Amino acid sequence: MFHMIDFDQIDLLAPVPNGEPMRQYYFMKLLKNWVSKREEELGRKLTYQCRTFGCQMNAKDSEKFAGMLEEMGFVSSEEDVVDIVVYNTCTVRENANQRVYGHLGNLKTLKKKHPDMMIAMCGCMMQEPDVVEKLKKSYPFIDIIFGTHNIFQFPELIQKRIEKGSMVVDIWDGTDMIVENLPSERKYKFKSGVNITYGCNNFCSYCIVPYVRGRERSRNPEDILKEIEDLAKDGVVEVMLLGQNVNSYGKTLEHPISFAELLKEVEKIDGIERIRFMTSHPKDLSPELIEVMANSKKICRHFHLPLQSGSSRVLKEMNRRYTKERYLELVENLREAMPDISLTTDIIVGFPGETEEDFQETLDVVEKARFDSAYTFIYSKRTGTPAATMENQVPEDVVKDRFNRLLKLVGQTSKEQTNRMEGMTLPVLVEEVNRQLPDYVTGRLEYNTVVHFPGDASLIGKIVNVHLTKAKGFYYMGEMEG
Ligand code: SAH
Ligand code: SF4
Ligand code: F3S
C-alpha cells in the first residue's frame, strides 16, 4: 500500500484540519492510537472485513475502505466475527437489495453475541431515503450509515460513532468534490481499477445509478496518470479505467480532453502492459477511440458495449439515444478496425411495454453481433426512475420465458465465438492458483477469456504464452510454452 501522507507530520494536538484528505488522515491517526489501545486491552489484533456488492466502482471504493482501515491498524480477516464489517451495497436491481437484507438478518444474531462488533453500511443503497428509514427502524444495531458521496469521510464517521456511542447516519444528496490521495489496499497486486469519472448524466429510464451516484464528474488527467504511474511502480501491469460512461470522459474539465487522448497518455506509462476500460455507452463511442485502440499495443482487444435492447422503439423508451442500426454499425466499425476483437454486452429483458416483436429484435442483434459473452438481466423496477411508472409492465411468466430463450441463444453464440481461438498460442496474464486444481493456474487473454493451465503461484501477475489446447465453451484449457 502507498503511504500518501506521512503520519508523523500530523499533529493531533493541533486543531482538526478542514481540507481533505488531510482531515481524514488526522482521524486515521487518532484511530490508530485507539486501535493500539484496544489491541493491548484485548491482547490481539483488531480485524476488519469489506463485503462488496455491485460493480467495479463499488469494488474500487471497497479497496479505499480497506486502505483506510489498514492505515488505522485493522487487519483483514475472513472470519464471521470481526471488529468492523463494512457492507458496500448495490441497488441497481431489486435482488441486490434483497441479498443485503438477508445478511442483515444474520448480523442481528451476531451483534447480540458480540456487541462490540462495529457494522458500517454504505454504497448505493444508502442513497435511497426509504432504505435508510427502514434500516434505522428495523436494524437499530447498525453503527454507521453513509452514502456514495462521502466515502472519504469513513475515518471521521468511525470516530464520531465511538464518541457518540450510538448509530451515526451521514448521507449527502450530491457533491462536486473529488477527494484524491486516499489510501487504497488492492485485492490483486498486479492489477487495479482506476476511477476516471464518477456519477452519470445519462438517465436511462430504467436505471437508478444517476440518482444514487450523482452527476458525472471527471478526474483531472494529471491525477489519473500519477495514480497509474504509482501503481506501475508498485507492480501493477494491468489497469481498468472505470466510469459509468468512459466515452464522455473529460468533456466538462477546465481543459477538456477526450477519452481517446487520455488512453494515449496511459499507453506511455512504463510497466503498464494491459489497459482495459468499462463501461462504454454506444451513443458516445467515437471513431477516434476505435482508431486509438486499433493502433495501441496495450489496450486489450475487448470491448464491453451494453446493448440493453435490440428494438429501436424500446431503446427510445429507455432513453439510450441510439438505434438498433446504429448499434450494429458500431459493431461493424469495431470489427473492421480490429477483426480479432471480443465483444461483450449487457441486455435487459422485460422492459415495460416490450412486445414479442421487440424481443425478436434483441435476438436478432445477438445473432448478428456475435457476442463473446452477454450479461442478461430481468428488468427490475427501481422506484424513482421514469420506467417505474410506465404502463404495460410485462407479466413475470412472459419475461421468464423470454429470458430463457435469450440465455439459450447467448450461450450458443458465445460458445462459437470463444472457441475461435482454439489451437492458438496467446499471452495470458496469470491471476491466481486454480481453485479446484491446485497444480493449475488461471489467467486471462486480452480478450478477457479465462484460461486454465498447469503452473504454480510463482506465475501470478506474469504474462506468459499459453497454447490453447482445448476450448471448453466459456474458457480454455492450455499448456504454457517456452
Ligand atoms: N453504465 C453502464 C451500466 C451500469 S449498470 C452502462 O450504461 O452500460 C449495469 C447493467 O445493469 C446495465 O448495463 C443494465 O443492463 C443493467 N441494469 C441497470 N438497471 C437495471 C434495471 N432496472 N433492471 C435490470 N437491469 C438493469
Ligand atoms: Fe445507468 Fe444509463 Fe448511466 Fe449506465 S449510462 S449508469 S445504464 S443511466
Ligand atoms: Fe450497483 Fe451502484 Fe454499481 S447501484 S451497479 S454498485 S454504481
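What this report covers is the structure whose coordinates are included nearby. (Residues numbered from 1 in each chain as written. Chains lettered and ligands numbered in written order. Predicted model: local features only at pLDDT ≥ 70, side-chain atom pairs only at ≥ 80, totals over all residues. Heavy atoms only, no water.)

**Side note on the overall build of the chain**
The condition that has to hold: Under the DSSP-based scheme used, a helix requires at least four consecutive residues in state H or I and a strand at least two consecutive residues in state E, with every element numbered from the N terminus. Radius of gyration: over C-alpha atoms. The globule rule applied is 2.2 Å multiplied by the number of residues raised to the 0.38 power. Using a 1.4 Å probe on the protein chains alone, a residue whose accessible area is under 20% of its type maximum counts as buried, one over 50% counts as exposed, and one in between counts as partly exposed.
The helix and strand tally for the chain stands at 13 helices and 19 strands. At 23 Å, the chain has a C-alpha radius of gyration in line with the 23 Å of a compact globule built from 482 residues. The principal-axis extent of the C-alpha atoms belonging to the chain is close to 65 × 60 × 50 Å. Looking at the chain as a whole, 56% of its 482 residues qualify as buried.

**Some thoughts on the site of ligand 1**
Stated formally: Any residue with at least one heavy atom within 4 Å of a molecule or strand is counted as near it. Polar contacts, as counted here, are pairs of nitrogen or oxygen atoms within 3.5 Å of one another; within protein the pair requires one atom able to donate a hydrogen and one able to accept it, and residues that are adjacent in sequence qualify only if both atoms are side-chain atoms. The protein chains shown are the only cover counted for residues, whose accessible areas, like all others here, come from Shrake-Rupley with a 1.4 Å probe. Put simply, Ala, Val, Leu, Ile, Met, Phe, Trp, Tyr, Cys and Pro go in the nonpolar bin, Asp, Glu, Lys and Arg in the charged bin, and everything else, Gly too, in the polar bin.
Ligand 1 sits among 15 residues. The nearest are Arg93, Gln244, Gln308, Asp346 and Ser380. Residue aspartate 346 places a side-chain N or O atom 2.7 Å away from an oxygen atom belonging to ligand 1. For ligand 1, the accessible surface in isolation is 540 Å², of which the surrounding protein chains cover 90%. Those elements that place two or more of their residues in the shell around ligand 1 are strand S13 (342–349) and strand S14 (373–378). Residues of the shell around ligand 1, tallied by class, amount to seven nonpolar, four polar and four charged.

**Details of the site of ligand 2**
Surrounding ligand 2, one finds Cys200, Asn202, Phe203, Cys204, Tyr206, Cys207, Val209, Pro210, Gln244, His281 and Arg320. Class assignment for the residues of the shell around ligand 2 results in seven nonpolar, three polar and one charged.

**Details of the state of the cysteines**
Going by this rule: Defined by distance alone, a disulfide is two cysteine sulfur atoms within 2.5 Å.
Applying the stated criterion across every chain yields a total of zero disulfides. With no disulfide of its own, cysteine 300 lies 20 Å from the sulfur of cysteine 55, the closest cysteine sulfur.

**Examining unusual backbone geometry**
The omega torsion across glutamate 20 and proline 21 is 5 degrees, close enough to zero to call that bond cis. Looking at the secondary structure, you find proline 21 in the segment before helix H1 (22–42). Backbone torsion omega between methionine 278 and threonine 279 reads 5 degrees, so that peptide bond is classified as cis. Mapped onto the elements, threonine 279 comes out in the loop between strand S11 (274–278) and helix H9 (287–295). Positive phi is not limited to glycine here, since asparagine 392 has a value of about 60 degrees. Structurally, the position occupied by asparagine 392 is in the loop between S14 and helix H13 (396–418). Backbone geometry places asparagine 448, a non-glycine residue, at a positive phi of 80 degrees. Within the fold, asparagine 448 resides in the loop between strand S16 (440–444) and strand S17 (450–454).

**Concerning the pattern of salt bridges**
Just so we agree on the cut-off: What makes a salt bridge here is a side-chain nitrogen of Lys or Arg within 4 Å of a carboxyl oxygen of Asp or Glu, nothing more.
Enumeration according to the criterion identifies 36 salt bridges in this entry. Residue aspartate 83 is joined to arginine 44 by a salt bridge in which the shortest nitrogen-to-oxygen separation is 2.8 Å. Of this pair, aspartate 83 sits in the loop between strand S2 (75–76) and strand S3 (84–89) while arginine 44 sits in the loop between H1 and strand S1 (47–52), and the two are 39 residues apart along the sequence. Across the pair glutamate 354 and arginine 402 runs a salt bridge, and its minimum N-O distance is 2.9 Å.

**Remarks on the packing of aromatic side chains**
Describing an aromatic ring pair means giving the distance of the ring centres and the angle of the ring planes. Condition: Only Phe, Tyr and Trp rings are paired, with Trp represented by its six-membered ring, and only when their centres lie within 6.5 Å; those with planes under 30 degrees apart are stacked, over 60 edge-to-face, the remainder tilted. We count a charge as sitting over a ring when the NZ of a lysine or the CZ of an arginine lies within 6 Å of the ring centre and within 35 degrees of the ring normal.
Taken as a whole and assessed by the stated rule, the structure comprises 17 aromatic pairs. With a centroid separation of 6.2 Å and an interplanar angle of 25 degrees, the aromatic rings of tyrosine 101 and tyrosine 139 are classed as stacked. On the criterion of sequence distance, the pair formed by tyrosine 101 in helix H3 (residues 94–113) and tyrosine 139 in the loop between helix H4 (129–138) and strand S5 (144–146) is long-range, its members being 38 residues apart. We classify tyrosine 101 as buried; its relative accessible area is 13%. Ring-pair connections join several aromatic residues into one group, and the members of that group are Phe65, Phe146 and Phe154. One Lys or Arg, arginine 93, reaches over the ring of phenylalanine 377 and ends 3.7 Å from the middle of that ring.

**Here's the deal with the pairing of strand S19 (residues 475–480)**
Stated precisely, the cut-off is as follows: One requirement defines pairing of two strands: DSSP has to find at least two bridges between them.
Strand direction decides the pairing type here: S17 and S19, joined by three bridges, are parallel. If you follow histidine 452 over to S19, its bridge partner there is methionine 477. Here five bridges tie strand S18 (residues 463–471) to S19, and the two strands are oriented antiparallel to one another. Bridge pairing in S19 places leucine 468 opposite glycine 478. Counted between consecutive antiparallel strands, the loop separating S18 from S19 contains three residues, among which glycine 473 sits at a positive phi close to 95 degrees.

**What about H1?**
For clarity, the cut-off: By this rule, a helix spans an expected 1.5 Å times one less than how many residues it contains.
The end-to-end C-alpha distance of H1, which contains 21 residues, comes to 30 Å, matching closely the 30 Å that a straight helix rising 1.5 Å per residue would cover. Listing the buried residues of H1 in full gives Arg23, Gln24, Tyr25, Tyr26, Phe27, Met28, Lys29, Leu31, Val35 and Glu39.

**A short note on the side chain of asparagine 58**
Where we set the bar: In this analysis, two residues are considered to be in contact whenever any of their non-hydrogen atoms come within 4.5 Å of each other.
For asparagine 58, the position within the fold is in helix H2 (residues 56–72). Asparagine 58 sits in the buried class, given a relative accessible area of 1%. Residues within four places of asparagine 58 in sequence aside, it is in contact with Thr52, Phe53, Asn88, Thr89, Cys90, Cys124 and Arg213.

**Brief notes about the pairing of S11**
Applicable threshold: Think of it like this: strands point away, you trace from the first strand over the helix to the second, and a clockwise trace means the crossover is right-handed.
Counted residue by residue, S11 has five buried out of five residues, so it is predominantly covered. With five bridges joining them, strand S10 (residues 238–242) and S11 adopt parallel strand pairing. Across the sheet, the residue bridging to glutamate 238 is arginine 274, located in S11. For the crossover that starts at S10, traverses helix H8 (residues 259–267) and ends in the parallel S11, the hand is right-handed.

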